[in-house]
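# Tertiary structure, described
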Amino acid sequence: MQLIWPQPPSLNIYYRTYNGRILLSQKAREYHLMIEELCLVRDGWEVFHKGDLIHCMITTQPKHKRRFDLDNQLKCLLDSLQRVGAIPDDKQITYLRIEDGEMPPDCPFEKGQVTIELEHAD
């Protein structure tokens, strides 16, 4: 299964502290809502069940040329995959690859995109 989503917020802004509690930031909540809206139509989604082992390959394709930590995007992306029902639990991912790529000229998102490929582990 392949998903193309907008660039997620960095882990640096994913959480905020409010009255001594750690909460998802406004940007994180807005991102999750945007992904839920994108995933309302799930035609062609591969079905992953609890207990399945999953391989996940992510290519980040930002609009800017600025260098950034690839791992800062993982938390938001993996949470989003689970939140929209693409995977039952991110603990089922046994192989995870993330790489930097070029933004395609036809990118529909303002800040760039990420391409996520999920498959059953053999």
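That block above? That's the structure.
Bear in mind that the values here come from a model prediction, so they are computed numbers and not experimental data.

### Overview of the nonpolar core
- Counting 25 residues, the largest nonpolar core has Leu3, Trp5, Leu81, Ala86, Ile116 and Leu118 as the members making the most contacts within it.
- Elements represented by at least two residues in this core include exactly β1 (2-6), α1 (26-38), β4 (54-62), α2 (74-83) and β6 (112-120).
- With 5 residues, the top contributor of residues to this core is α2.
- Those residues in contact with Ile116 that sit more than four places away from it in its chain are Met1, Gln2, Leu3, Trp5, Cys56, Met57, Ile58, Leu77 and Leu81.

### Considering the sheet that holds strand β5 (residues 93-100)
- Strand order in this open sheet of 4 strands is β1-β6-β4-β5, and the pairing throughout is mixed. If you trace the sheet from one side to the other, it starts and ends with β1 and β5, each paired once. Taken over all neighbouring pairs, the strand axes of this sheet differ in orientation by 20° on average, direction set aside.
- Inspection of the sheet shows β4 paired to β5 by 7 bridges, in the parallel sense.

### With respect to the pattern of salt bridges
- One pass over the full model with this rule turns up 3 salt bridges.
- Among the ionic pairs, Glu36 bridges to Arg83, the shortest N-O distance being 3.0 Å. Taken together, the residues span a long stretch of sequence, with Glu36 in helix α1 and Arg83 in helix α2 at a distance of 47 residues.
- In this structure, Lys75 engages Asp79 in a salt bridge whose closest nitrogen and oxygen atoms are separated by 3.2 Å. Taken together, the residues Lys75 and Asp79, both in helix α2 and 4 residues apart, mark about one turn of the helix.
- Judged by relative accessible area, Lys75 falls into the partly exposed class, the value being 35%.

### Side note on the packing of aromatic side chains
- In the structure shown here, the tally under the stated rule is 1 aromatic pair.
- Consider the rings of Tyr14 and Tyr15, whose centres lie 4.9 Å apart with planes at 85°: the pair is edge-to-face.

### Describing the environment of Leu77
- Along the polypeptide, Leu77 turns up in helix α2.
- Judged by its relative accessible area of 0%, Leu77 falls in the buried class.
- Put simply, Leu77 and His120 are 43 residues apart on the chain and 18 Å apart in space, counted from C-alpha to C-alpha.
- Setting aside anything within four residues of it in sequence, one finds Leu77 in contact with Trp5, Pro8, Tyr31, Ile58, Val114 and Ile116.

### As for unusual backbone geometry
- Its identity as a non-glycine residue notwithstanding, Asn19 has a phi of 50°, on the positive side.
- One can find Asn19 in the loop between β2 (15-18) and β3 (21-24).
- A relative accessible area of 66% means that Asn19 is categorised as exposed.

What counts as what
- Residues numbered from 1 in each chain as written.
- Predicted model: local features only at pLDDT ≥ 70, side-chain atom pairs only at ≥ 80, totals over all residues.
- Heavy atoms only, no water.
- Core = buried A, V, L, I, M, F, W, Y, C linked by side-chain atoms within 4.5 Å.
- Buried < 20%, exposed > 50% of the residue type's maximum accessible area, 1.4 Å probe, protein only.
- Helix = DSSP H or I, 4+ residues; strand = E, 2+ residues; numbered from the N terminus.
- Contact = heavy atoms within 4.5 Å.
- Pairing = 2+ DSSP bridges.
- Axes fitted to C-alpha atoms, helices over the stretch in contact; angles between N-to-C directions.
- Salt bridge = Lys/Arg side-chain N within 4 Å of Asp/Glu carboxyl O.
- Phe/Tyr/Trp six-rings, centres within 6.5 Å; stacked < 30°, edge-to-face > 60°.

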